[in-house]
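Listed below are the residues making up each chain.
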Amino acid sequence: MPVDATAPERLAMYNTSRLKIGLFGPNCSSGRAVTMAPERWSGSWPDNLKLAQMADAAGIDFLLPIARWKGYGGDTDYQGETLETLTWASGLLASTKRITVFGTVHAPLFNPVIAAKEIVTADHIGQGRMGLNLVVGWNEGEFEMFGVEQREHEKRYEFAQEWLDVVKMIWSPKQDFDFDGHYLKLKGIRCKPKPVGDSRPLIMNAGASATGRAFAVKNCDAFFLQASRVSAEETAGFVKKARELAKEHDREIGVYTVGVVTCRRTQKEAEEYHRHTIIENADFSAIDSILAMKNITPQTKGMEEFERQRRFYANGMGGLPVVGDADFVAKTLADLSAAGVTGIGISLINYLDELPFFCDEVLPRLERLGLRERRRQAQYA
Ligand SMILES: Cc1cc2nc3c(=O)[nH]c(=O)nc-3n(C[C@H](O)[C@H](O)[C@H](O)COP(=O)(O)O)c2cc1C
């Protein structure tokens, strides 16, 4: 197996479903909903474990955590309690059988030799089901806590390139080698064992800038992009561009997106619940602090745009809102698939409460459309 290739089974997450579905953000308190609603997600280990086992039995394809080191404050201290993602993934891989679990690593905060080793260990625990979400970081306050200075944007990705090159070499059959980069100078690198099955773990990235996107398509198996809120046609255009960019590097990539799903028996019920959690009970003080970190203020953007962004961020910090009954949710997901999307990481307000309905109602509809293999076991809830 060449240094930079992984096995097709890993890429397919060991199933034939054309549209992969994962859960995004459950390792953080409140998940991805900046809400004060009391039933919001705890992010606790017992809830994560129950959720992972439920998702595994229901045939959900992957779990994607968020690497967050400090909460965003506000009335709920949004994402204030988070479980570190590599140790979280290891525990969940030991407790599940089929689901792929990602760990999310900030390249500048983790020594690559240690990260490569931790991921290999998790990969052995999960027998080839570990994935890596590589991020370069954007939150200055978090970096200060580590005493690490955030590089300017372009340099973050230059560093990440070296970091990932060396990690891939560590996972390859290579042994006892030096790495002499601009940022990283490492001597006599040795790592045994290698990842499971002589192929490396799945790697994803979600860079949004031109540099981030270029990095993702050049180096990763899965690229996460923001789906259009306007139309599936627009999303199809984004996907096409990403795939063309990958082709320039002679690569094929999976293109994923993220969504925030509110699925209820009726459209009205879904809309009411969405209003209750995301509009009436939004934690606006947390949202404003997130926006300030991204330099989105009434002064920089104007009041109208600022208000639009506040609504946007309340709902999953930017994921595609999918609010409706099971027919609507299934159709929206099918449209994304038709737009060329390989998979979607969804979040729910309370993942444990809401996942059974999603699996009972939405998954069978996607199966009937030929988009998903039936993987549900009789008893999963
Ligand atoms: C699905 C997804 C997962 C992400 N996970 C994290 C994360 O866990 N930690 C983090 O600091 N950034 C995370 N990000 C942010 C991206 O890695 C990236 O920094 C951001 O989209 C800005 O892009 P840029 O780095 O190209 O400017 C995530 C983004 C997406 C869409």
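**Q** Explain the pairing of strand 11 (residues 343-347) to me, please; I cannot follow it from the model alone.
**A** Strand residues, when the strand is regular, have side chains that alternate between the two faces of the sheet. Summarising burial for strand 11: five of the five residues are buried, a large majority. Because side chains alternate across strand 11, one face comprises the buried residues G343, G345 and S347, and the other comprises I344 and I346, equally buried. Strand direction decides the pairing type here: strand 9 (residues 254-263) and strand 11, joined by five bridges, are parallel. In the strand pairing of strand 11, G259 is matched with I346.

**Q** Teacher, can you tell me more about the packing of helix 10 (residues 284-293) against helix 12 (residues 303-314) here?
**A** Pairs of packed helices are described in terms of their axes, by the angle between the two and the distance that separates them. At a closest axis distance of 10 Å, the pairing of helix 10 and helix 12 adopts a crossing angle of 110°. When the axis of helix 10 is compared with that of helix 12, the two are roughly perpendicular. For helix 10 against helix 12, the interelement crossing comes out right-handed. Between helix 10, through F284, I287, D288, I290 and L291, and helix 12, the contact on the second element is made entirely by F306, Q309, R310, R311, Y313 and A314. Its residues placed into classes, the contact of helix 10 with helix 12 shows seven nonpolar, one polar and three charged.

**Q** Hey, could you run me through the site of the ligand in this one?
**A** In the neighbourhood of the ligand, 18 residues make up the surrounding shell, with A67, H153, Y157, A208 and S209 lying closest. Side-chain polar atom of Y157 to an oxygen atom of the ligand: 2.6 Å apart, as the coordinates give it. Contact between the ligand and A208: an oxygen atom at 2.9 Å from a main-chain N or O atom of the residue. Relative to its unbound accessible surface of 620 Å², the ligand loses 84% to contact with the protein. Elements that contribute at least two residues to the shell around the ligand include exactly strand 3 (100-106), strand 4 (130-135) and helix 6 (153-171). Broken down by class, the residue content of the shell around the ligand amounts to ten nonpolar, seven polar and one charged.

**Q** Just checking my understanding: could you explain the pattern of salt bridges for this structure?
**A** Here the idea is simple: oppositely charged side chains can pair when their charged atoms come close. One pass over the structure, following the stated rule, counts 18 salt bridges. R10 is the salt-bridge partner of D123, the closest N and O atoms lying 2.8 Å from each other. Of this pair, D123 sits in helix 4 (residues 112-125) while R10 sits in helix 1 (residues 8-11); the two residues are 113 residues apart in sequence, bridging distant segments of the chain. Under the relative-accessibility criterion, D123 is labelled buried at 0%. R10 gets classed as buried once you look at its relative accessible area, which sits at 4%. For R200, the salt bridge identified is with D221, shortest N-O distance 2.8 Å. With R200 in the loop between strand 6 (185-189) and strand 7 (202-205) and D221 in the loop between helix 7 (210-219) and strand 8 (222-224), this residue pair connects regions lying 21 residues apart in the sequence. Residue class for D221 comes out buried when judged on its relative accessible area of 9%. Because the salt bridges share partners, they merge into one network encompassing D61, R372 and R375.

**Q** Sorry if this is basic, but what is going on with helix 6 here?
**A** Structural remark: α-helix, 3.6 residues per turn; residues separated by three or four positions point the same way. When the terminal C-alpha atoms of helix 6 are compared, their 27 Å separation across 19 residues agrees well with the 27 Å that a helix rising 1.5 Å per residue should span. By the criterion of burial, helix 6 is predominantly enclosed, with 14 of the 19 residues buried.

**Q** Got a minute to help me understand the side chain of S228 in this structure?
**A** Among the secondary structure elements, S228 is positioned in the loop between strand 8 and helix 8 (232-248). Within the structure, S228 has its side chain in polar contact with the backbone nitrogen of V230 (distance 2.8 Å). The residues touching S228, leaving out its near neighbours within four places in the chain, are E234, T235, F238 and L320.

**Q** Honestly, the side chain of N48 in this entry has me stumped. Any pointers?
**A** Mapped onto the fold, N48 is located in helix 2 (residues 45-58). By relative accessible area, N48 is classed as buried at 2%. The contact partners of N48, leaving out residues within four places of it in the chain, are P26, N27, W41, G43, L83, W88 and L92.

**Q** Explain the packing of aromatic side chains here, please?
**A** Aromatic rings in a pair are described by how distant their centres are and how their planes are angled relative to each other. A complete count under the given rule lists eleven aromatic pairs for this structure. Taking the centre distance of 6.0 Å and the plane angle of 85° together, the rings of F62 and F102 count as edge-to-face. Here F62, found in strand 2 (residues 62-64), pairs with F102, found in strand 3; they are 40 residues apart in sequence, far enough to count as distant. Under the relative-accessibility criterion, F62 is labelled buried at 0%. Centroid distance F62 to F224: 6.4 Å. Interplanar angle 85°. Geometry classified as edge-to-face.

**Q** I'm lost on the nonpolar core in this one. Help?
**A** Side chains that are nonpolar tend, in soluble globular proteins, to be buried together. Ranked by size, the top nonpolar core spans 85 residues in total, and within it I60, W163, L333, L355 and F358 carry the most contacts. Considering every element that reaches this core, the biggest residue donor is helix 6, with ten residues. Residues I287, I290, L291 and Y313 belong to the second largest nonpolar core, which totals 18 residues.

**Q** Looking at this model, I keep getting lost on the packing of helix 2 against helix 14 (residues 351-368). Mind explaining?
**A** Here helix 2 crosses helix 14 at 5°, and the two axes come no closer than 10 Å. In terms of orientation, helix 2 lies roughly parallel with respect to helix 14. In this structure, helix 2 contributes D47, K50, L51, M54, A55 and A58 to the contact, and helix 14 contributes Y351, L352, L355, P356, C359 and L363. Class assignment of the residues belonging to the contact of helix 2 with helix 14 gives a composition of ten nonpolar, no polar and two charged.

So, how was this worked out
Within any chain, residue numbers begin from 1 and follow the written order of that chain's sequence. In keeping with the predicted nature of the model, local features appear solely for residues at pLDDT of at least 70, side-chain atom pairs appear and are counted solely at 80 or more, and the whole-chain, interface and lining totals rest on all residues. Heavy atoms from the whole structure form the basis of all side-chain values; hydrogens and water molecules are not counted. Only protein chains enter the accessibility calculation, which uses a 1.4 Å probe. A residue is then buried if its area is under 20% of the maximum for its type, exposed if over 50%, and partly exposed in between. Numbering of helices and strands starts at the N terminus; helices are DSSP runs of H or I of at least 4 residues and strands are runs of E of at least 2. Strand pairing is assigned whenever DSSP detects at least two bridges linking the two strands. The angle between two axes is taken between their N-to-C directions and runs from 0 to 180 degrees, where each axis is a line fitted to C-alpha atoms and a helix contributes only its stretch in contact. Roughly parallel covers angles under 35 degrees, roughly antiparallel covers those over 145, roughly perpendicular covers 65 to 115, and oblique covers all other angles. Left-handed describes a crossing whose near helix is turned anticlockwise from the far helix by less than a right angle; the clockwise case is right-handed. The contact rule is simple, with two residues in contact once any of their heavy atoms fall within 4.5 Å. Under this grouping Gly is polar, as are all residues other than the nonpolar Ala, Val, Leu, Ile, Met, Phe, Trp, Tyr, Cys and Pro and the charged Asp, Glu, Lys and Arg. The rule for a residue being near a molecule or strand is that one of its heavy atoms must lie within 4 Å of it. Two N or O atoms form a polar contact when they lie within 3.5 Å of each other; inside protein one atom must be a possible hydrogen donor and the other a possible acceptor, and for residues adjacent in sequence the pair counts only when both atoms belong to side chains. Per-residue and other accessible areas were derived by the Shrake-Rupley procedure at a 1.4 Å probe size, with only the shown protein chains allowed to occlude residues. Each salt bridge in this description consists of a side-chain nitrogen of Lys or Arg and a carboxyl oxygen of Asp or Glu lying within 4 Å of one another. Working rule for helices: expected span equals 1.5 Å times residues minus one. For Phe, Tyr and Trp, where Trp contributes only its six-membered ring, two rings pair if their centres lie within 6.5 Å, and the inter-plane angle classes them as stacked under 30 degrees, edge-to-face over 60, or tilted in between. Here, nonpolar core means buried Ala, Val, Leu, Ile, Met, Phe, Trp, Tyr and Cys residues that are tied together by side-chain atoms lying within 4.5 Å of each other.

Spatial relationships are all this shows, so hold off on functional conclusions.
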